[in-house]
Amino acid sequence: MSDPILDPTFDPAARDRGGPAQPLLSVTGLVKHFGGKRSWRGGEAKGAVRAVDGVDFAIAKGETLGVVGESGCGKSTTARLVMQIIKPDAGEIVFDGEAVGSRALDLEAYRREVQMVFQDSYASLNPRLTVEDTIAFGPRVHGVPRREATGRAHDLLAKVGLEPGRFAGRYPHELSGGQRQRINIARALALQPRLVILDEAVSALDKSVEAQVLNLLLDLKAELGLTYMFISHDLNVVRFMADRVMVMYLGKVAEVGPSDVILQQPSHPYTGALLASMPSTDPDNRTLEAPLFGDPPNPIDPPSGCRFHTRCRHTSAICANVPPPLAAVRPSHEVACLMAQPGSGHPLAAPLRENAA
Amino acid sequence: MAVTTVDSVAPPVLAERLGRGYWAGVLRRLSRDPVAMTAAAIILLIVLAAIFAPYIAPADPYKSSMIRRLRPIGTPGFLLGSDELGRDMLSRLIYGGRLSLVMGVLPVICAFVVGSFLGVTAGYAGGWLNTIIMRTVDVFYAFPSVLLAIALSGTLGAGITNAIVALTIVFVPQVTRVAESVTTQIRNRDYVEAARVSGARAATIVRVHVLGNVLGPIFVYSTSLISVSMILASGLSFLGLGSKPPEPEWGLMLNTLRTAIYSQPLVAALPGVMIFITSISFNLLSDGLRSAMEVKA
Amino acid sequence: MSSPSSSPVPTGQPLVETKDLTVDFTGGARPVRAVAGVDLTLGAGELVALLGESGSGKSVTLRALMRLLPERRATTGGSIRVDGRDVAALGRKELARFRGGTVAMIFQEPGLAFDPVYRVGDQIAEAVMRHEGVSRRSGRARALELFERVRIPSAATRLDNYPHEMSGGMRQRAMIALALACRPKVLLADEPTTALDATVQIQILLLLRELQREFGLAVIFVTHDIGVATEVADRIAVMYAGRIVERGDCRDVIRAPAHPYTRGLLFSRADHAFTKGTRLRTIPGSPPDLTALPPGCAFAPRCAEAMPACSAGVPEEIAASETHVARCILLRPGVQSRTDATAAA
């Protein structure tokens with residue numbers, strides 16, 4: 001098998017192993033707690049930030065999974081765990097059928113397949129490197145000769161809509177925010193990854209520039225056959241980009257499913273509240289009442305049972321005691337809410353239908 | 001592919017205005033700082049005077065004369081007076097710059113190299129390596145630097161080389177600390193994470209992404225140590241642990257002239273004035289460098 | 001586009017009135033004109049949103065109203081009258097009473113308003129005591145009343161919190177309480193909800209709307225988010241490169257934007273894409289470089305409808321509707337849009 005990094009004509013789609021039905025990325029039981037004091041006898045750490053607390057999801061080949069949630073929900077930590085920038089406390093990450101870190105897919109090979117674009121376009125570029133050196137760095141690390149790596153950097157600049165002749169020799173402080181984010185995208189693509197994680201990649205941009213970058217991401221995805229994990233707090237942007245949406249709350253998945261379903265008829269009350277919190281675009285139809293009161297709780301000491309029960313308007317006694325499992329309400333739409341689960345004991349849940357005996 | 005959104009209207013003037021390269025910008029900003037440029041001119045003057053001492057000095061700095069001892073400033077033939085052995089002060093001050101500058105700059109250069117290596121290693125590696133390096137450094141920190149310099153110099157024995165070694169050991173922990181804290185900050189920047197994500201080895205990341213961004217601040221800090229080094233070196237010489245008579249060296253001259261403090265106070269103060277002017281110039285240049293290196297987005 | 005004779009500015013005694021406000025920054029390598037002639041009029045009980053992107057001059061305008069700009073590096077021109085007084089002529093003592101007493105400001109980061117080492121309640125009581133000359137006890141009482149008014153739960157105990165002990169939304173509420181402590185007539189809000197989560201942002205927006213109505217405050221609300229402006233504003237002023245390019249009734253500006261920049265902003269929003277995955281209509285290029293602005297209309301280089309006449313001079317304000325003006329030569333009688341012309345052909 002030819003080395004995809006050394007061969008610029010190599011088609012990423014040809015690296016497909018498990019076929020279209022196999023998820024490109026599948027994550028099970030992902031846990032990450034930060035800090036806290038662990039007793040010397042082991043056991044549960046006290047005072048730890050439970051950033052990601054048991055998260056399962058999968059991303060199909062060629063789709064865009066949108067990840068939404070408020071601060072402290074764990075979406076950025078999830079991205080960093082998937083990216084292997086930080087090590088998970090527990091959980092398994094499987095890429096195209098191979099466990100990450102296994103003999104078949106070591107970390108180095110995995111990192112060519114998955115790349116990330118960060119939110120802060122300035123902090124994510126080395127101020128002392130020119131644009132072309134920044135983009136060529138990854139390929140050079142993987143043994144591509146300098147001249148070829150630079151040539152590839154120029155091709156990528158053209159691809160992200162920056163004229164190589166004008167931009168290749170510039171430094172980050174000579175670029176606008178939108179241009180810097182294009183460079184970040186080009187760098188992520190330099191290793192020809194199959195999955196790109198976009199962690200609030202357009203959030204810091206001016207709205208007029210944000211739209212340009214979103215268009216660029218759509219074009220690149222179509223041209224290169226990419227798969228995106230698109231993290232954002234802006235539901236409008238996620239609605240535009242994502243095929244499926246995963247809603248996170250305090251380190252857990254609240255709801256996951258097709259974006260048109262979730263963003264039209266949400267099943268989890270938190271998703272509904274998030275949608276209703278988006279500022280109105282109609283001056284005659286302004287928001288009259290805030291959907292939720294107060295701030296998201298502190299992930300150091302999350303509420304018992306359903307983590308949303310302290311802010312939920314449908315909360316019932318059982319919600320404080322029973323953590324709702326993530327269960328399917330219809331094919332490919334899963335919700336972690338007792339109301340959506342027949343027979344759960346929540347007053348608003350449907351009664352359990354007796355299976356035909 | 002239909003990428004129609006080329007940022008073609010981005011003002012090209014921006015690039016021309018800022019020029020190429022980071023250090024070019026630093027030098028340009030530095031050249032606009034009048035205080036730093038004055039300090040740099042003074043340092044240049046002193047360095048040139050030291051290098052070309054044989055051509056500039058009006059007299060032989062070692063030639064003593066028992067009958068022309070302790071002449072006041074302005075005496076014909078002795079522009080800045082003469083010392084307790086009747087040697088020409090001006091010539092001795094010009095020659096003295098040689099040793100004093102070497103003793104001021106050389107230990108700092110050595111400490112910069114060693115301290116940067118230790119600090120960047122500790123800062124980037126983290127974990128137990130960081131603990132070992134930094135706790136060792138802390139031990140040295142427990143002693144006041146003057147005491148440490150005297151103790152080390154005394155143990156190693158008097159002499160210029162030993163004084164330089166002693167001063168280097170005094171400065172290494174200070175440089176290491178700064179290097180470690182700067183590196184720890186840089187290590188968590190997104191672009192270092194992006195480099196890790198691209199699969200680069202630690203050594204490559206340090207070389208390409210860390211060193212370029214940490215050496216500047218460490219260098220600035222180190223330049224501020226030159227004045228301290230000069231003063232400490234003078235102190236060692238004053239105590240007889242550095243250079244030996246009759247070598248002209250500002251600290252040593254201050255020592256030997258102290259007996260004349262009541263008869264010729266102005267002449268006796270001259271070596272101190274030189275130490276003061278040189279060290280404050282290094283400090284002002286270092287300050288100017290620091291502000292010139294602050295990149296604005 | 002009917003009768004351009006009727007004034008888009010409300011009549012009566014305005015609380016805030018700027019005429020040809022300019023701000024030049026002279027500290028950098030080149031002087032920069034951040035605000036280039038802003039006319040803004042605001043009456044009591046009115047909320048105007050200043051909408052713009054980075055470099056539009058919206059925050060600088062706000063700071064100029066309170067004379068918060070560094071006087072050595074920023075030169076302010078034109079006139080600013082607030083509550084009948086010339087802000088430029090205020091003496092040191094008058095300025096201190098003016099800030100907080102007549103005009104108060106809330107920021108994106110509550111950290112700018114509170115001292116981290118004092119209890120929040122004490123800081124509010126302190127402000128009341130200083131401005132109104134009352135006792136500590138009545139200062140505390142007013143602080144409690146304000147905390148209840150901005151709906152901080154268990155207000156009495158929260159008064160004894162330090163700023164870091166509060167969550168982001170609560171700190172923002174506390175900052176609003178502090179701003180209202182001395183009964184100002186004008187409230188300046190600089191992106192007060194930008195750093196907040198969506199579910200918290202809407203709460204703060206509703207609270208501000210409610211307080212503004214209740215106290216009859218004149219509010220200038222700076223934001224980059226059209227949605228936020230739509231939620232709170234009576235009137236909207238869209239800024240670009242230091243000028244107001246379009247201003248008028250909120251409904252008119254959102255429903256029938258007259259300036260190509262406003263139109264571009266509205267259409268480039270992701271929620272305007274009719275079907276997922278279709279490309280968004282975008283404004284090409286980057287926000288303007290204030291050190292190298294083109295002659296005439298600053299938006300012309302990014303404008304799809306630009307024509308040679310755009311560079312001739314800065315377009316005047318032309319009525320787009322009865323309550324709505326814009327600086328675009330397309331509104332001049334007889335000037336035809338290029339896109340219209342193509343459509344007609």
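For the structure itself, consult the block above.
In this text, all values refer to a predicted model and were calculated from it rather than measured experimentally.

### Remarks on the overall build of chain C
Move 1: Along the backbone of chain C there are 11 helices and 12 strands.
Move 2: The C-alpha atoms of chain C give 21 Å as radius of gyration, which agrees with the globular expectation for 345 residues (20 Å, within 12%).
Move 3: With the principal axes as the frame, chain C shows a C-alpha extent of 75 × 50 × 45 Å.
Move 4: Residues classed as buried in chain C amount to 54% of the 345 residues present.
Move 5: A fraction of 65% describes how many contacts in chain C between residues 6 or more apart in sequence connect residues 24 or more apart.
Move 6: A total of about 14700 Å² of accessible surface is found on chain C, and carbon and sulfur atoms cover 53% of it.

### A word on the interface of chain C and chain A
Move 1: In this assembly, 49 residues from chain C lie in contact with 43 residues from chain A.
Move 2: Summed over both partners, the interface of chain C with chain A buries about 3600 Å², with 52% contributed by carbon and sulfur atoms.
Move 3: Remark: the boundary between chain C and chain A carries four salt bridges.
Move 4: Between Asp219(A) and Arg279(C) there is a salt bridge, with its nearest N and O atoms 2.4 Å apart.
Move 5: At the boundary of chain C and chain A, one finds 24 residue pairs in polar contact (both at pLDDT 80 or more).
Move 6: Elements represented by at least two residues in the side of chain C that touches chain A include exactly helix H6 (168-180), helix H7 (198-215), helix H8 (226-232) and helix H9 (250-255) of chain C.
Move 7: At eight residues, the largest contribution of residues to the side of chain C that touches chain A is made by H7(C).
Move 8: Each residue belonging to the side of chain C that touches chain A can be placed in one class, and the counts come to 18 nonpolar, 16 polar and 15 charged.

### Considerations on the packing of aromatic side chains
Move 1: In this structure the tally under the stated criterion is nine aromatic pairs over all chains.
Move 2: Aromatic pair Tyr249(A) and Tyr270(A): ring centres 4.5 Å apart, planes at 55°, arrangement tilted. Within this pair, whereas Tyr249(A) is found in strand S9 (residues 244-249), its partner Tyr270(A) is found in helix H10 (residues 269-277), the two being separated by 21 residues in sequence. Taken individually, Tyr249(A) and Tyr270(A) each receive the classification buried, so the pair is uniform in this respect.
Move 3: For the pair Tyr249(A) and Phe308(A), a centre-to-centre distance of 5.1 Å together with 85° between the ring planes defines the contact as edge-to-face. Residue Tyr249(A) is located in strand S9, and its partner Phe308(A) is located in the loop between H10 and strand S11 (327-330); the two are separated by 59 residues in the primary sequence.
Move 4: On the accessibility criterion, Tyr249(A) (6% relative accessible area) is buried.
Move 5: By relative accessible area, Phe308(A) is classed as buried at 2%.
Move 6: The rings of Tyr249(A), Tyr270(A) and Phe308(A) are connected pair by pair, giving a single aromatic cluster.
Move 7: Above the plane of the ring of Tyr141(B) lies Arg177(B), whose end atom (NZ or CZ) is 4.0 Å from the centre.

### Some words on the nonpolar core
Move 1: Ile124(C), Phe147(C), Ile176(C), Leu188(C), Ile220(C), Phe221(C) and Ile236(C) are the most contacted members of the largest nonpolar core, which has 104 residues in total.
Move 2: In this view, Ile124(C) contacts Ala143(C), Leu146(C), Phe147(C), Ala174(C), Ala177(C), Leu178(C) and Ala181(C); residues no more than four positions away in its chain are not counted.
Move 3: Counting 62 residues, the second largest nonpolar core, distinct from the first, contains Leu156(A), Leu157(A), Leu217(A) and Phe230(A).

### Looking at helix H3 (residues 131-141) of chain A
Move 1: Turning to H3(A), its buried residues are Val131(A), Thr134(A), Ile135(A), Ala136(A), Phe137(A), Gly138(A) and Pro139(A).
Move 2: Buried residues along H3(A) sit against helix H4 (146-159), helix H5 (164-167) and helix H6 (177-189) of chain A together with helix H9 (190-197) and helix H10 (202-238) of chain B.
Move 3: The first or second residue beyond H3(A) is Gly143(A), which carries a positive phi of 95°.

### Focus: the side chain of Thr130(A)
Move 1: Position of Thr130(A) among the secondary structure elements: in the loop between strand S6 (114-117) and H3.
Move 2: Judged by its relative accessible area of 11%, Thr130(A) is buried.

### Overview of the packing of H3(A) against H6(A)
A packed helix pair is summarised by two numbers, namely the angle formed by the two axes and the spacing between the axes.
Residue and element names in this part refer to chain A.
Move 1: Between H3 and H6, the least distance of the axes is 7 Å, while the angle of their chain directions is 25°. With respect to H6, the element H3 is oriented roughly parallel. Relative to H6, H3 is oriented so that their crossing is right-handed. For the pair H3 and H6, contact is made by Val131, Thr134 and Ile135 and by Ile183, Ala186 and Arg187, respectively.

### Observations concerning the sheet that holds S6(A)
Residues and elements named next belong to chain A.
Move 1: What the eight strands build is an open sheet, ordered S6-S7-S8-S3-S9-S10-S12-S11; its pairing is mixed. The open sheet has two edge strands with one neighbour each: S6 and S11. Neighbour to neighbour, the strand axes of the sheet diverge by 25° on average, direction disregarded.
Move 2: Sheet topology places strand S7 (residues 195-199) next to strand S8 (residues 227-231); five bridges connect them, and they run parallel. Looking across to S8, one finds that leucine 195 is bridged to threonine 227.
Move 3: Here helix H7 (residues 207-224) sits on the sheet in contact with strand S3 (64-68), S7 and S8, set at roughly 155° to S8.

### As for the sheet that holds strand S2 (residues 49-59) of chain A
Residues and elements named next belong to chain A.
Move 1: Pairing within the open sheet is antiparallel, and its four strands lie in the order S2-S1-S4-S5. Each edge of the open sheet carries a strand with a single partner, namely S2 and strand S5 (98-99).
Move 2: In this sheet, S5 lies alongside strand S4 (residues 90-95) in antiparallel orientation, the contact comprising two bridges. For phenylalanine 95, the partnering residue across the bridge sits in S5 and is glutamate 98.
Move 3: Packed onto the sheet, helix H1 (residues 75-82) meets strand S1 (25-34), S2 and S4 and runs at close to 115° relative to S1.

### Concerning the pattern of salt bridges
Move 1: All chains considered together, the criterion is met by 39 salt bridges over all chains.
Move 2: Among the salt bridges present, the one from Asp53(A) reaches Arg307(A), with a minimum N-O distance of 2.6 Å. Here the residue Asp53(A) occupies a position in strand S2, and Arg307(A) occupies one in the loop between H10 and S11, the gap between them amounting to 254 residues. Both residues of the pair, Asp53(A) and Arg307(A), count as buried.
Move 3: With its nearest N and O atoms 2.4 Å apart, the salt bridge here joins Asp284(A) to Arg251(C). One end of the pair, Asp284(A), is in the loop between H10 and S11; the other, Arg251(C), is in helix H9, on a second chain.
Move 4: On the basis of relative accessible area, Asp284(A) is assigned to the partly exposed category, the value being 43%.
Move 5: The network of salt bridges with shared partners includes Asp282(A), Asp284(A), Arg251(C) and Arg255(C).

### Brief notes about the pairing of S4(A)
Move 1: One ladder, built from five bridges, connects S1(A) with S4(A); its direction is antiparallel. Within S4(A), the position partnered with Ser26(A) by the bridge is Val94(A).

### Comments concerning unusual backbone geometry
Most peptide bonds take the trans form, and the phi angle of most residues other than glycine is negative.
Residue and element names in this part refer to chain C.
Move 1: One non-glycine residue, arginine 67, lies in positive phi territory at about 55°.
Move 2: By secondary structure assignment, the location of arginine 67 is in the loop between helix H1 (58-65) and strand S4 (74-82).
Move 3: Residue arginine 151 is not a glycine yet carries a positive backbone phi of 55°.
Move 4: Tracing the sequence through the fold places arginine 151 in the loop between helix H4 (136-149) and helix H5 (155-158).

### What to know about the packing of helix H5 (residues 89-125) of chain B against helix H8 (residues 160-187) of chain B
All names here are of chain B.
Move 1: Contact geometry of H5 with H8 gives a least axis separation of 5 Å together with a crossing angle of 35°. Read as a crossing pair, H5 and H8 show a hand that is right-handed.
Move 2: Each residue belonging to the contact of H5 with H8 can be placed in one class, and the counts come to 23 nonpolar, eight polar and two charged.

Reading the values: the criteria
Residues numbered from 1 in each chain as written. Chains lettered and ligands numbered in written order. Predicted model: local features only at pLDDT ≥ 70, side-chain atom pairs only at ≥ 80, totals over all residues. Heavy atoms only, no water. Helix = DSSP H or I, 4+ residues; strand = E, 2+ residues; numbered from the N terminus. Rg over C-alpha atoms; globule rule 2.2 N^0.38 Å. Buried < 20%, exposed > 50% of the residue type's maximum accessible area, 1.4 Å probe, protein only. Contact = heavy atoms within 4.5 Å. Areas by Shrake-Rupley, 256 points an atom, 1.4 Å probe, with all protein chains shown as cover. Buried area = accessible area lost by both parts, 1.4 Å probe. Salt bridge = Lys/Arg side-chain N within 4 Å of Asp/Glu carboxyl O. Polar contact = N/O pair within 3.5 Å; in protein donor to acceptor, adjacent residues only side chain to side chain. Nonpolar A, V, L, I, M, F, W, Y, C, P; charged D, E, K, R; others polar. Phe/Tyr/Trp six-rings, centres within 6.5 Å; stacked < 30°, edge-to-face > 60°. Lys NZ or Arg CZ within 6 Å of the ring centre and 35° of its normal. Core = buried A, V, L, I, M, F, W, Y, C linked by side-chain atoms within 4.5 Å. Axes fitted to C-alpha atoms, helices over the stretch in contact; angles between N-to-C directions. Parallel < 35°, antiparallel > 145°, perpendicular 65-115°, else oblique. Left-handed = near helix turned anticlockwise from the far one by under 90°. Pairing = 2+ DSSP bridges.

Function cannot be inferred from these measures alone, as they are strictly geometric.
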